[in-house]
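Observations on chain architecture
Residues per chain are reported as follows:
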Amino acid sequence: MFKRLAVFCAVLLVAGFVLAAAVGMGTYFYFASDLPRITSLRDYRPATITEIYADNGKIIGQFYLEKRKIIPIEEIPEQLKKAFIASEDARFYEHQGLDFMGIMRALIKNISAGRVVQGGSTITQQVTKSLLLSPERKLKRKIKEAILAYRIEKYLSKDEILFLYLNQIYLGHGAYGVEIASQTYFGKKTRDLTLAEMTLIAGLPKAPNRYSPLTNPELAARRQRYVLGQMVKEGYISAAESREALASPVEIRQHREPFIKAPYFTEHIRRYLEKEYGYDLLYREGLQVYSTVNLDFQQAARDAIIKGLGALDRRQGYRGPLQIVSPDDFATFEQQLADEHRSLPVAAGQQMKALVKQVDDQQQNVMLSLGGLDAVMALKDCSWARRPAPDGALFPGATIKSPSAAFVPGDVVLVEIIAVADGAAAGNGAAVAVRLVQEPLVQGALVALDVQTGMVRSMVGGKSFAESEFNRAIQSRRSPGSAFKPIIYAAGLDHGLTPASIFLDSPIIYQDSEEWDQVWKPRNYEQKFYGPTSLRQALIHSRNLVTIKVLQKTGIPRVINYASKLGITSPLNADLTLALGSSGVSLMELTRAYGVFANGGRLEGPVYIKRIENRDGEILEDNEPFWGLGGDDGANAMLQGAASSASEPRKQVISPQTAYLMTSMMESVVQQGTGRRARVLKRPLAGKTGTTNDYYDAWFLGYAPQLVTGVWVGFDDLKPLGKHETGSRAACPIWVDFMREALKEFPKTTFPVPPGIVFAKIDQKTGLLATPETEQESFECFREGTEPKEFSRPISAHQLEEQLFQDFPEENSPPLPPQ
């Protein structure tokens, strides 16, 4: 009986075993039939970051779908690898993809706790889930995960699996992989991490947001202790090393997007990359883009724009307080200010809101609260702020003689810290000195190009990228006013004129041949006429009437074609208003045109990108040293064909002699004319101001032998800047502030004189050779062969007028400009 029972049990056991094996095999083949191919893991190419670098190698932009940077397993520190293994999969080097002991241990702990407190997944399973399967929590997915984990262990080495894991894993705050996590939390590369920092990162996979050292430092520290304990348990470190790591200070560096360093420049490159290379290549394939921007220049440009626009805004008048707070609400509002200012440094140059608490006419100052910190504002630091009239009218240029003329207790104003008293930064109530400021409404833009290469060294497209991404340096078309005149004069020099050519600055009346009541009476800025005037003097003092006559003599079609050669791509008006800069152009194309004069007649750039490499190090685009992506509409056209090189011929668009003559004439503009504010830099400079009718736009374009820079100032909605807000007053100071910083690294060199230029002493009134009787004489430069051969002789204004009228052929007289 017993024997038969034993046989029966044995048969039942074998049958059960066979049945279980059959079920297992059936389950395996059922779920294995549609598994993804693990061979794709050897071609691991996840979405990685496209990075844009400044000329000094610092990152200024990152574009990505997943913020990840792949690093080889050899570059990952051993202790970091061991930290992850100890905390996530202690038997990683022992199991074959599934850790059955770990699963049982986790199951027991979870049953004891009554909830899931520990997982049993191995590192291999996590790689499987992340790269080959969906994250859904279903039994079917878990079975497939187990099968694939086993297969992966047979297909890849442990180091290859660890490489995939450490580069693929999500570690919080948008960081994928250990390299980006290291940069996100500590601002350094993985290879530079300390043990304390490594164990903080290794504690993140379980719950990246919960254990983030940025948002939950206490929980992060608790998790760090667990990781260090596991490393001691596994024999990776000693107990002493663990204690030392726990005692080590860790500096958490909140990662700031590098985009803020040069946002308009970086966004321009992003648009180009997406247009030229496509969305996927830009956001998934980890391009390395080496740009031309200089971050020191960029900071100088932004500082100059903010300072210049602020000064202009103050001249336009005080717009009144940001808001008015009732005395009963002072305490509540001060607490709001304290909360708002908590993250702001108490340092000179910092701007913040302040509450006016007391106005003291006797002491001539205003007492304010910054929220837990007292401030004082002297009359001299707010004297420009006359309070607006009841109807809202401002008082441009007005000054006040007592603080009460502008402020009352309860006013909320914007101030800038001038100086900080001892202890003020600690918030103990000590006073800081402040000045009144207000957020400018006016806009401005600046671009700076390397003269010889056309590389864009700096570009600011507005006062705040956060407020408006519209790039006024490239995308905006505004009337350049007198800043267009050098192009007309250069065309004239190439068609028979010289800097000494004389034109009669006299009234002009143009009448419509069809509508006799329609007339155009152009005039000079000063509302005066100056009689016989040389080309040089006309440019120095920006004479409109002479410029119109130069345009008429040279011919409008010829000037438009000439502008095109200089890189002006915007459509130009084919009438005499072209002389007054009526046609809209971009700041970039006009600056590029001035660069031709600075560069001996050669047209270069604009070059934004030196080189582009893909994730494998292959060069996709090489624009060094001369040619690069160009165009002024925000979507550059890339040169086709082979990568350019230093041997590629440079584009000579005008003669070196004409370029030098224009440079010489614009040097005089800086020394004697509308650009004389730039003389403060005390070095060879050439430039020209530009102001449009009714002061809608203010420009200054100028250059040193090494750098050409353009500045534009204006309102987006075409409001006037205000009376007397010319290019000289509104734009030139910005240019000067920028160039003062940018030119520090360049020697003071003169503009080179090319062969074919001669000098002669002339009579300024006639343009002929000077005689002993000449009253106003000067040395003038000429293209060889065009210098005067006759000596000056007295000539009446009537004779001069008759002589000049003979120089205007009938076919060059255009129709009346549109009214």
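Residues numbered from 1 in each chain as written. Predicted model: local features only at pLDDT ≥ 70, side-chain atom pairs only at ≥ 80, totals over all residues. Heavy atoms only, no water.

Some details on the confidence of the model for the protein
- This prediction gives the protein a mean pLDDT of 85; 82% of its residues lie at or above 70.
- The low-confidence segment residues 626-649, where pLDDT is below 50, has 70 contacts with residues more than four positions distant or belonging to other chains.
- Considering only residues more than four positions removed or in separate chains, one finds that residues 806-816, a stretch of pLDDT under 50, has 19 contacts. (pLDDT = per-residue confidence, 0-100. Contact = heavy atoms within 4.5 Å.)

Side note on the environment of G172
- Summarising the element assignment, G172 is placed in the loop between α6 (158-168) and β4 (175-176).
- Relative accessible area serves as the criterion here: at 0%, G172 is assigned to the buried category.
- Linking G172 and S212, residues 40 residues apart in sequence, is a C-alpha distance of 7.0 Å.
- Contact partners of G172, with chain neighbours within four places excluded, come to Y185, P208 and N209. (Helix = DSSP H or I, 4+ residues; strand = E, 2+ residues; numbered from the N terminus. Buried < 20%, exposed > 50% of the residue type's maximum accessible area, 1.4 Å probe, protein only.)

Here we look at unusual backbone geometry
- P606 follows G605 through a cis peptide bond whose omega is 0°.
- With a phi close to 70°, H724 is a non-glycine residue in the positive phi region.
- Tracing the backbone shows H724 in the loop between β24 (707-714) and α21 (727-742).

Details of a nonpolar patch on the surface
- A surface patch of nonpolar side chains, amounting to about 330 Å² of accessible area, comprises V753, F759 and F779.
- The topology assignment puts F779 in strand β26 (residues 777-783).
- Here F779 falls in the exposed class, since its relative accessible area comes to 60%. (Patch = residues over 30% accessible without salt bridge, like charges linked within 9 Å, V, L, I, M, F, W, Y side chains within 5 Å. Areas by Shrake-Rupley, 256 points an atom, 1.4 Å probe, with all protein chains shown as cover. Salt bridge = Lys/Arg side-chain N within 4 Å of Asp/Glu carboxyl O.)

Re helix α11 (residues 263-277)
- The end-to-end C-alpha separation of α11 is 20 Å, in line with the 21 Å expected for 15 residues at 1.5 Å each.
- When you tally the buried positions in α11, you get 11 out of 15 residues, the bulk of the element.
- For α11, the complete set of buried residues consists of P263, Y264, F265, T266, E267, H268, I269, R270, Y272, L273 and Y277.
- Positive backbone phi, at 95°, marks G278, one or two positions downstream of α11. (Expected span 1.5 Å × (residues − 1).)

As for the packing of helix α9 (residues 217-233) against helix α10 (residues 239-247)
- Running from amino to carboxyl end, α9 crosses α10 at an angle of 165°, the nearest separation of the two axes being 9 Å. In terms of their interaxial angle, α9 and α10 are classed as roughly antiparallel. Pair α9 / α10 crosses with right-handed handedness. Residue-level contacts link Q224, R225, L228 and V232 of α9 to A239, S242, A245 and L246 of α10.
- A class-by-class count of the residues in the contact of α9 with α10 yields five nonpolar, two polar and one charged. (Axes fitted to C-alpha atoms, helices over the stretch in contact; angles between N-to-C directions. Parallel < 35°, antiparallel > 145°, perpendicular 65-115°, else oblique. Left-handed = near helix turned anticlockwise from the far one by under 90°. Nonpolar A, V, L, I, M, F, W, Y, C, P; charged D, E, K, R; others polar.)

Focus: the packing of aromatic side chains
- Following the criterion strictly, the structure yields 15 aromatic pairs and no others.
- Pairing F297 with F738 gives two aromatic rings, centres 6.2 Å apart and planes at 85°, and the pair type is edge-to-face. Taken as a pair, F297 in helix α13 (residues 295-316) and F738 in helix α21 lie far apart in primary sequence, 441 residues in all. Across the pair, exposure class does not vary: F297 and F738 are buried alike.
- Measuring from centroid to centroid gives 6.2 Å for Y594 and F597, while their planes differ by 70°, and the two rings are edge-to-face. (Phe/Tyr/Trp six-rings, centres within 6.5 Å; stacked < 30°, edge-to-face > 60°.)

Some thoughts on the sheet that holds strand β13 (residues 456-460)
- A sheet is described by the order of its strands in space; here five strands give the open sequence β13-β12-β24-β23-β22, paired in antiparallel fashion. If you trace the sheet from one side to the other, it starts and ends with β13 and β22 (686-691), each paired once. Averaged over all neighbouring strand pairs, the angle between strand axes comes to 5°, with direction disregarded.
- Two strands pair when backbone bridges link them, and strand β12 (residues 443-450) and β24 are joined in this way by eight bridges, in the antiparallel orientation. By the bridge assignment, V447 is partnered in β24 with G710.
- Contacts from helix α20 (residues 656-672) reach β22 and β23 (697-703), with the element oriented near 65° to β22. (Pairing = 2+ DSSP bridges.)

As for the pairing of β12
- Across the eight residues of β12, seven count as buried, placing the element largely inside the fold.
- Relative to β13, β12 runs antiparallel, the two being bridged by four bridges. Residue pairing for β13: A448 is matched across the bridge by S458.
- Between β12 and β13, which pair antiparallel one after the other, the connecting turn spans five residues, and G454 there sits at a positive phi close to 75°.

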